[in-house]
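# Structural features, examined
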Amino acid sequence: MADPLTVEDRFFLRIALKNRLLNQGQAETAARAAADQRAPIARVVQSLGLLDPRQIERVREAMAASQVMRLDALFGEILLEQGHATRAQLQEAFAEQRRQRYRARVGHILVRQRVIPPDVQRRVISEVIRRLRTQEQGQEQAPPPPPRGSDDLFGSSVEESRPLFDESVSEPIPLRDDSVSEALPRPE
């Protein structure tokens, strides 16, 4: 049987759970309702009264921050492989990124700090894109994953991306504070 939830919906639930906006029971209820209604999880959690629109937007911002961390971790791994930056320089850039609440990309921080020149940044970005495409092609050619039991509705077996340089990876991805008016960048 095909998984009733999209990868994005499972990711939404994981972020909401990690940030304690939903408890396990609420997440399971929302997952079942979304599967039954074949509706996006954000719409379902709002219609069930589990999250309000502001909380849903905060989860989406945390999802975007997580994707930034994932891509920047790959960027950092390539810089290390190619000898363009040290682990200490990368760790400092990731720390700066967290201080800026994920509004700045690690590559831009490293260019601004004169760790790497802009042409290296462009070449590494091209390599990140190439590797992501290779990964996508590998996933498309891979055999389908084994079916999961009904008790695993939101995909705990889905591999979570864990940024190499982010020490806070085991902590919840910080949701935007009410006192902060700027939003995280939205994925294009």
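Below is a summary of the structure that appears in this document. In this text the structure is predicted, and so the values were computed from the model without any measurement.

### Considering helix H7 (residues 118–141)
With 24 residues, H7 extends 35 Å between its outermost C-alpha atoms, agreeing within 8% with the 34 Å of an ideal straight helix rising 1.5 Å per residue. All of the buried residues along H7 are Val 120, Gln 121, Val 124, Glu 127, Val 128 and Leu 132. Looking at the buried positions of H7, the neighbouring elements they touch are helix H4 (53–82) and helix H6 (106–112).

### Considerations on the layout of surface pockets
Roughly 200 Å³ of internal volume is contained in the second largest pocket. Elements supplying a minimum of two residues to the lining of the second largest pocket: H4, H6 and H7. The element best represented in the lining of the second largest pocket is H7, accounting for 4 residues. Residues of the lining of the second largest pocket, tallied by class, amount to 5 nonpolar, 3 polar and 2 charged.

### Side note on the environment of Gln 89
Tracing the backbone through its elements, the reader meets Gln 89 in helix H5 (residues 87–99). What makes Gln 89 partly exposed here is its relative accessible area of 31%. A C-alpha to C-alpha distance of 8.1 Å links Gln 89 and Leu 110, two positions 21 residues apart in sequence.

### Brief notes about the pattern of salt bridges
In a structure, side chains of opposite charge can pair up when their charged atoms sit close to one another. Using the criterion set out here, one finds 7 salt bridges in the structure. Among the ionic pairs, Glu 92 bridges to Arg 99, the shortest N-O distance being 2.8 Å. The structure contains a network of salt bridges with shared partners spanning Glu 81, Glu 127, Arg 130 and Arg 131.

Reading the values: the criteria
Residues numbered from 1 in each chain as written. Predicted model: local features only at pLDDT ≥ 70, side-chain atom pairs only at ≥ 80, totals over all residues. Heavy atoms only, no water. Helix = DSSP H or I, 4+ residues; strand = E, 2+ residues; numbered from the N terminus. Expected span 1.5 Å × (residues − 1). Buried < 20%, exposed > 50% of the residue type's maximum accessible area, 1.4 Å probe, protein only. Contact = heavy atoms within 4.5 Å. 1 Å grid on protein atoms, 1.4 Å probe; cavity = no way out; pocket = protein on both sides within 12 Å on 5 of 7 lines; lining within 4 Å. Points joined across faces, edges and corners; volume = space filled by probe spheres on them. Nonpolar A, V, L, I, M, F, W, Y, C, P; charged D, E, K, R; others polar. Salt bridge = Lys/Arg side-chain N within 4 Å of Asp/Glu carboxyl O.

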